[in-house]
Amino acid sequence: NLPHLSWKTIMMILGIETSCDDTGAALVEAKHGAFRVRSNVIISQAKLHNKYGGVVPELAARNHLKNIIPAIDQALASRFSPLPRGRLRGGLDAIAVTAGPGLVTSLHVGVETAKTLSLAWGVPLVGANHMEGHIYSVLLTPPPLSRRGSGGGALTFPAVCLIVSGGHTELILMTNHGQYKLLGKTRDDAAGEAFDKSAFMLGLPYPGGPSISKAAEKGDPQSFDIPRPMIERDDCEFSFSGMKNAIRLIVESYKKKRARLPIDDLAASIQQAIVDILITKSLIAVAKAKPKIFILAGGVAANAELRKQLAQKLPKSIKLLTSSLKYSQDNGAMIAAGAYQRIKQKKFDSPVSLTANAHWELV
Ligand code: KG4
Ligand code: ZN
């Protein structure tokens, strides 16, 4: 029984994210579907996982355990200083925590922490979907909170969402808040994974997306012929695993020749191949679904070439919404925003029995 939510127009939500390797905690103010981020703390583990070329689940979970309380403490300090303890009940309206999808050992840390805080503080809890968080991250930009939204924020429907991250590559049709239909997804690797694995083969640091795109700035995207699997098919299915083998063969051939690998050119060619696949499939989705807006979200949405080329190729009648760079990588603010609609409808989860679901699909 939470009477204060029925009249409150401004809600304060604590968002917690630990689905992969970044520990995120954020305080987000929500009003009529518009959001203002009061704090957004991300404790990155990228350096720890760098030498393995990808995230090591056990290492990630252990470091989430170490970082989660400091992250939450710091996030709350922006409004409640010092950590409020007893005073919180009136200040915080909900706790949203990523319950899936993700690495199960990492998810447990956030979920169990959020359950404990929910019980201790008497604040309602929502187990949020990570992908939904990515979608709503596009609202973590202006308009400012003071300008009344239409009740649905800046989202208009139907919307086509391309969610591209380290674990997912999906085209989703969104017909309303919380209503999703899968248009297509990857058969094998995710786009972020393709960046990460390619970077590893090129000897570039993890995460691979930023490393590849940085090297690509000085390279020629036409210099290597990188395969674009399934690009000819008139559907929204993706495949990236075939690219790895092609890149491995190129790297090996240079090794054999004892020639210096032209890393910048290869990085630019790889990036362009991934961008081509993502854009081609997005345009097929748009032609089929005829949306009002197109949402580009997820870690790979930070890619400057993808943003630029998609903006150029998308029909002008369709509005392109992308998250600002700081909200495209995993963070707690997007989790708070993604959970907002459910919080508004008081669809809370039990702080006793909520469990992480590593394979929680949005659709
Ligand atoms: O959404 P995210 O932070 O975590 C997951 O949910 O997976 O996405 C991480 C992925 C990594 O694969 C990383 O290489 C990729 O996003 N990424 C990028 C860029 N920045 C991050 N990929 C391409 N270009 C970028 N600038
Ligand atoms: Zn993510």
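Residues numbered from 1 in each chain as written. Chains lettered and ligands numbered in written order. Predicted model: local features only at pLDDT ≥ 70, side-chain atom pairs only at ≥ 80, totals over all residues. Heavy atoms only, no water.

Draft legend 1. Examining the state of the cysteines more closely. Taken as a whole, this structure holds zero disulfides when the rule is applied. Cysteine Cys236 remains unbridged, with the sulfur of Cys161 as its closest cysteine sulfur at 12 Å. The exposure class assigned to Cys236 is buried, which follows from its relative accessible area of 3%. (Disulfide = S-S within 2.5 Å. Buried < 20%, exposed > 50% of the residue type's maximum accessible area, 1.4 Å probe, protein only.)

Draft legend 2. Region of the structure containing unusual backbone geometry. Gly100 connects to Pro101 through a cis peptide bond whose omega is -10 degrees. Cis rather than trans, the peptide bond between Phe157 and Pro158 has omega equal to 0 degrees. Positionally, Pro158 belongs in the loop between helix H6 (130-136) and strand S6 (159-164). Located in the positive-phi region is Met230, a residue other than glycine, with phi close to 65 degrees. Mapped onto the elements, Met230 comes out in the loop between helix H8 (208-216) and helix H9 (241-257). With a phi close to 55 degrees, Arg258 is a non-glycine residue in the positive phi region. Relative to the elements of secondary structure, Arg258 occurs in the loop between H9 and helix H10 (263-289). (Helix = DSSP H or I, 4+ residues; strand = E, 2+ residues; numbered from the N terminus.)

Draft legend 3. Quick look at the packing of H8 against H10. It is the contact of H8 with H10, at a shortest axis distance of 7 Å, that shows an interaxial angle of 115 degrees. Along this stretch, H8 crosses H10, giving a crossing that reads as left-handed. Residues Ile212, Ser213, Ala215 and Ala216 of H8 pack against Ile263, Asp264, Ala267, Ala268 and Gln271 of H10. For the contact of H8 with H10, the class distribution of residues is six nonpolar, two polar and one charged. (Axes fitted to C-alpha atoms, helices over the stretch in contact; angles between N-to-C directions. Left-handed = near helix turned anticlockwise from the far one by under 90°. Contact = heavy atoms within 4.5 Å. Nonpolar A, V, L, I, M, F, W, Y, C, P; charged D, E, K, R; others polar.)

Draft legend 4. Region of the structure containing the packing of aromatic side chains. Scanning the model with the defined rule gives three aromatic pairs in all. Between Phe35 and Tyr340, the ring centres sit 5.4 Å apart and the planes meet at 90 degrees, which makes this aromatic pair edge-to-face. Placement of the pair is Phe35 in strand S3 (residues 34-43) and Tyr340 in helix H13 (residues 332-344), with a sequence separation of 305 residues. Here Phe35 and Tyr340 have matching classes, each one buried. The ring centre of Tyr254 lies 4.1 Å from the NZ or CZ of Lys257, which sits over that ring. (Phe/Tyr/Trp six-rings, centres within 6.5 Å; stacked < 30°, edge-to-face > 60°. Lys NZ or Arg CZ within 6 Å of the ring centre and 35° of its normal.)

Draft legend 5. Molecular detail of the sheet that holds S6. Within the open sheet, the five strands sit side by side as S8-S7-S6-S9-S10. Their pairing is mixed. The open sheet terminates on both sides in strands that have one partner only, identified here as strand S8 (179-185) and strand S10 (319-322). Strand-to-strand twist of the sheet, defined as the mean angle between neighbouring strand axes without regard to direction, takes the value 25 degrees. Pairing of strand S7 (residues 169-176) with S8, which is carried by six bridges, proceeds in the antiparallel orientation. Bridge pairing links Met174 to Tyr180 in S8. (Pairing = 2+ DSSP bridges.)

Draft legend 6. Inspection of H9 at higher detail. If you check H9, its first and last C-alpha atoms are 26 Å apart, about what 17 residues at 1.5 Å a residue would give, namely 24 Å. The set of residues buried in H9 consists of Met243, Ala246, Ile247, Ile250, Val251 and Tyr254. Along the axis of H9, the buried residues cluster in a sector spanning 135 degrees; they form a single face. Those residues of H9 that are exposed and angled more than 90 degrees off the buried face are Lys255 and Lys256. Here the buried face of H9 lies against helix H7 (191-201) and H10. Looking at the residues trailing H9, positive phi occurs at Arg258, about 55 degrees. (Expected span 1.5 Å × (residues − 1). Arc of directions from axis to C-beta.)

Draft legend 7. Region of interest: the layout of surface pockets. The computed volume of the largest pocket comes to approximately 1,300 Å³. What lines the largest pocket is a set of 50 residues, and nearest its centre among them are Ser165, Gly166, Asp196, Pro207 and Gly299. Of all the secondary structure elements, the ones that give two or more residues to the lining of the largest pocket are H6, H7, H8, H10, helix H11 (304-313) and helix H12 (325-328). Residues that form the lining of the largest pocket fall into these classes: 19 nonpolar, 22 polar and nine charged. (1 Å grid on protein atoms, 1.4 Å probe; cavity = no way out; pocket = protein on both sides within 12 Å on 5 of 7 lines; lining within 4 Å. Points joined across faces, edges and corners; volume = space filled by probe spheres on them.)

Draft legend 8. Highlighting the site of ligand 1. In the vicinity of ligand 1 there are 19 residues, among which Gly166, Asp196, Gly209, Asn303 and Asp330 approach most closely. Within the backbone of Gly166, one N or O atom sits 2.7 Å away from an oxygen atom of ligand 1. Within the side chain of Asn303, one N or O atom sits 3.0 Å away from a nitrogen atom of ligand 1. Isolated, ligand 1 exposes 540 Å² of accessible area, and the fraction of that covered by the protein chains is 88%. Using a 2 Å cut-off from the grid points, one finds that ligand 1 occupies the largest pocket. Secondary-structure elements contributing two or more residues to the shell around ligand 1 are H6, H7 and H8. (Near = heavy atom within 4 Å. Polar contact = N/O pair within 3.5 Å; in protein donor to acceptor, adjacent residues only side chain to side chain. Areas by Shrake-Rupley, 256 points an atom, 1.4 Å probe, with all protein chains shown as cover. Sits in = over half its atoms within 2 Å of the grid points.)

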